[in-house]
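Coordinate inspection notes
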Amino acid sequence: MPYTVIYDGKCNLCVTLVQLLESLDQGDRFQYIPMQDPETLQRWNVTPQDCELGMILIDAEAPERRWQGSDAAEEIGQLFPLGSVFVAAYRALPGLKWSGDRIYEQVRDNRYTLFGQRTTVYHSAYPACDSNACDRYFATPAASANRES
């Protein structure tokens, strides 16, 4: 099942984490869109304002299933072998989830100050919606024609 990760392509921390995911996953489960790609984001019905609230994870097979911020990070973790064990433990320990959410928000809001900003947008080696690859996920005449072929 493919997932789309929307990340800040100018944030050093965000790009480093995307590169780590790329090396672990090799495009098997995850494809990526930088939040600086408004045309592709529009196809997923994601606004720039949505992106300001943190990374977004979208289930490409059911785009209405979305996670954002620390919830997206937890869901990504669960998709890796043994990840669900660690995420369940993290969620079960009293106060840890709440603390993790607050830390995520602080890092998100201060990411450029804390980790620096790239001069160019990082584009993943595993982009979502490269050419017509996403047509099957969108209700457009072209997508419908491609599904019927």
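Residues numbered from 1 in each chain as written. Predicted model: local features only at pLDDT ≥ 70, side-chain atom pairs only at ≥ 80, totals over all residues. Heavy atoms only, no water.

**A closer look at the packing of aromatic side chains**
- Per the counting criterion, the structure on display carries five aromatic pairs.
- Aromatic side chains Tyr3 and Phe30 sit 6.1 Å apart centroid to centroid with 45° between the ring planes, which places their arrangement in the tilted category. Of the two residues, Tyr3 sits in strand 1 (residues 3-7) while Phe30 sits in strand 2 (residues 30-34), which places them 27 residues apart along the sequence.
- Here Phe30 falls in the buried class, since its relative accessible area comes to 0%.
- Here the aromatic cluster, defined as three or more aromatic residues joined through ring pairs, consists of Tyr3, Phe30, Trp67 and Phe80.
- If you follow Arg29 out to its NZ or CZ, it ends over the ring of Phe80, 4.6 Å from the centre.
- When the ring centre of Tyr112 is taken as reference, the NZ or CZ atom of Arg111 above it lies at 5.0 Å. (Phe/Tyr/Trp six-rings, centres within 6.5 Å; stacked < 30°, edge-to-face > 60°. Helix = DSSP H or I, 4+ residues; strand = E, 2+ residues; numbered from the N terminus. Buried < 20%, exposed > 50% of the residue type's maximum accessible area, 1.4 Å probe, protein only. Lys NZ or Arg CZ within 6 Å of the ring centre and 35° of its normal.)

**Notes on the confidence of the model for the chain**
- Chain-level pLDDT for the chain is 87 on average; 85% of the residues reach the 70-or-more range.
- Long-range and interchain partners of residues 140-149, a stretch whose pLDDT sits below 50, account for seven contacts in this model, where long-range means more than four residues apart. (pLDDT = per-residue confidence, 0-100. Contact = heavy atoms within 4.5 Å.)

**A closer look at the pairing of strand 1**
- Most of strand 1 sits out of view: five of its five residues are buried.
- Burial along strand 1 is two-sided: the face carrying Tyr3, Val5 and Tyr7 and the face carrying Thr4 and Ile6 are both buried.
- Pairing of strand 1 with strand 2, which is carried by five bridges, proceeds in the parallel orientation. Pairing of Ile6 across the sheet is with Ile33, part of strand 2.
- Examined bridge by bridge, strand 1 and strand 3 (residues 56-59) share four bridges and lie antiparallel to one another. Opposite Thr4, over in strand 3, you have Ile58 as the bridge partner. (Pairing = 2+ DSSP bridges.)

**A short note on the pairing of strand 2**
- Of all the five residues making up strand 2, four are buried; the element is thus mostly covered by neighbouring parts of the structure.
- With respect to chirality, the unit in which strand 1 leads through helix 1 (residues 12-25) into the neighbouring parallel strand 2 is right-handed. (Right-handed = clockwise from strand over helix to strand, strands pointing away.)

**Quick word on unusual backbone geometry**
- Backbone geometry at Asn45 places phi at a positive 60°, although glycine is not the residue there.
- Position of Asn45 among the secondary structure elements: in the loop between helix 2 (38-43) and helix 3 (48-51).
- Even without being a glycine, Leu82 presents a positive backbone phi close to 65°.
- Mapped onto the fold, Leu82 is located in the loop between helix 4 (70-78) and helix 5 (83-92).

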